[in-house]
Amino acid sequence: MGKPLNLALIATLAVFEAAVLVAAFGGPLQYVPNYGAELSFLEMQVPVKDGLAWGYYSKSCPKAEQIVAERVAAFLKKDLGVAGGLLRLPFHDCFVQGCDASILLKLPSGTELDDPANGSIRKVALDLVDDAKANIEKACPGVVSCADIVVLAGRESIKQVGGPAFNVPLGRRDSFSFSPNTNDLPSPFFSFQQLLDAFTKKNLDATDLVALSGAHTLGVAQCASFSNRLRPTVDPKLNSKYAQYLLNTCPTDSTKATTGFDFFTPNKFDNIYYKNFATGVTLISSDQNLDQNAQALNLVKFYASNQTAFFNQFLWSYIKMSQIGPKFGNNGEIRRKCTTSNSGKIFPTEESDEIISMVVDGRGSM
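- As annotated in an unreviewed UniProt entry, the protein chain is Peroxidase from Riccia fluitans.
- According to its UniProt record, the protein chain has this under Catalytic activity (unreviewed entry): "2 a phenolic donor + H2O2 = 2 a phenolic radical donor + 2 H2O".

Pasting the structure below:
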């Protein structure tokens, strides 16, 4: 027989762990609807907006998250770069008019994708969302929103290339229209203060800013987004060999070429992005400019030395970001196809929406 468990010690350690997490992330545990998701202690603390829920589709479309995960895996087998494209989508969607899949709409009046700020959105990422939606519609038509699929696909891209596995609250509806104004999207040329102002406008703080900037551990940037660091003179903060590589890749501002945000592991979700600050291998100005603020720079150094801390903060900040301006009820719809609105009509109808709500919360179970 082994030694008996010291239950008092276990309880003390649990209380200590809870206190550490509350001190680190703030606030008491959040009690919100949960229809079957197995939440970590950290996830239970993330504030969740009314209308969203953990495990939202567990009864109305129980295979929804699995389908998204399978489609992401299938696309990644063909192109690992899809991960960066998928992670970029929710950022560019949520920062414009909320997390409502407006970025996917292609209407006679145009699309958000026409805006130069969205020129970096990869077609293959859009194709994956359409593919996942088509497969989900076969399983449970008219139930899962494109807005939720965008958030799920971004989450899956993180998990499947080495990042943390985590839950996201769901229940968003899709917008009827898109915004022609994408001015709220942070520019690659922003100073730290401009970045902070853009994030503060979305109820995200400096810690969220530094953690979410770590999304640049994945994906690529076009020459035009970092040529200001090469011409008319090379930014002295750039490593000289790295600068020469960039000059060879982009001999002119208009060169149609790309390079990874993270030169070393552009297809792996890790903390190398933060380590690159110390060696002068940070690509775009807005990333480099995190060193303009002492708090931000300290976080950069912390995440460079502690990948677990980065992962924990990233999942927290991603969940926060995914709750920017969600649509509910008659303010949105469940699109049949992600690229088009349902002819301006809400789908499902209010009656069928009530039926879905009954299924989701268990009132419709036999």
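There's plenty left to go through after this.
## What about the nonpolar core?
Consideration 1: By size, the foremost hydrophobic cluster in this structure holds 88 residues, and its most contacted members are Leu87, Leu104, Ile136, Phe269, Phe314 and Tyr318.
Consideration 2: Residues contacting Phe269, with those up to four places away along its chain left out, are Leu87, Ile158, Val161, Gly162, Gly163, Pro164, Thr217, Leu218, Phe310, Phe311 and Phe314.
Consideration 3: Residues Cys223, Phe226, Leu230 and Tyr242 belong to the second largest nonpolar core, which totals 13 residues.

## Side note on the packing of helix α8 (residues 206–213) against helix α13 (residues 307–321)
Consideration 1: The geometry of α8 relative to α13 is characterised by a closest axis approach of 9 Å and an angle of 110° between their N-to-C directions. Judged by the inter-axis angle, α8 sits roughly perpendicular to α13. Note on element contacts: α13 touches α8 through Phe310, Gln313, Phe314, Trp316, Ser317, Tyr318, Lys320 and Met321, opposite Thr207, Asp208, Ala211 and Leu212.
Consideration 2: Taken together, the residues of the contact of α8 with α13 break down into 7 nonpolar, 3 polar and 2 charged.

## Notes on the packing of helix α3 (residues 64–78) against helix α5 (residues 123–139)
Consideration 1: Where α3 contacts α5, the two axes come as close as 9 Å, and the packing angle between them is 140°. If you check the angle between α3 and α5, you find them oblique. Judged by the twist between their axes, the crossing of α3 over α5 is right-handed. Mapping the contact onto sequence places Ala64, Ile67, Val68, Arg71, Val72 and Phe75 in α3 and Val124, Asp127, Leu128, Asp131, Ala132, Asn135, Ile136 and Ala139 in α5.
Consideration 2: When grouped by side-chain class, the residues that make up the contact of α3 with α5 number 10 nonpolar, 1 polar and 3 charged.

## As for the state of the cysteines
Consideration 1: Using the criterion set out here, one finds 4 disulfides in the structure.
Consideration 2: Two residues share a disulfide in this structure: Cys61 and Cys140, whose sulfurs sit 1.7 Å from each other. Taken together, the residues span a long stretch of sequence, with Cys61 in the loop between α2 (41–45) and α3 and Cys140 in the loop between α5 and α6 (146–160) at a distance of 79 residues. Of the two residues examined, Cys61 and Cys140, each falls in the buried class.
Consideration 3: With a sulfur-sulfur separation of 2.1 Å, Cys146 is cross-linked through a disulfide to Cys338. Linking Cys146 and Cys338, the disulfide has an S-S dihedral of approximately -95° and is accordingly described as left-handed. With a gap of 192 residues between them, Cys146 in helix α6 and Cys338 in the loop between α13 and α14 (350–361) connect regions that are remote in the sequence. Of the two residues, Cys146 and Cys338, neither departs from the other in class, the shared state being buried.

Parameters and conventions
- Residues numbered from 1 in each chain as written.
- Predicted model: local features only at pLDDT ≥ 70, side-chain atom pairs only at ≥ 80, totals over all residues.
- Heavy atoms only, no water.
- UniProt positions renumbered as here; feature names shortened; annotations may be inferred.
- Core = buried A, V, L, I, M, F, W, Y, C linked by side-chain atoms within 4.5 Å.
- Buried < 20%, exposed > 50% of the residue type's maximum accessible area, 1.4 Å probe, protein only.
- Contact = heavy atoms within 4.5 Å.
- Axes fitted to C-alpha atoms, helices over the stretch in contact; angles between N-to-C directions.
- Helix = DSSP H or I, 4+ residues; strand = E, 2+ residues; numbered from the N terminus.
- Parallel < 35°, antiparallel > 145°, perpendicular 65-115°, else oblique.
- Nonpolar A, V, L, I, M, F, W, Y, C, P; charged D, E, K, R; others polar.
- Left-handed = near helix turned anticlockwise from the far one by under 90°.
- Disulfide = S-S within 2.5 Å.

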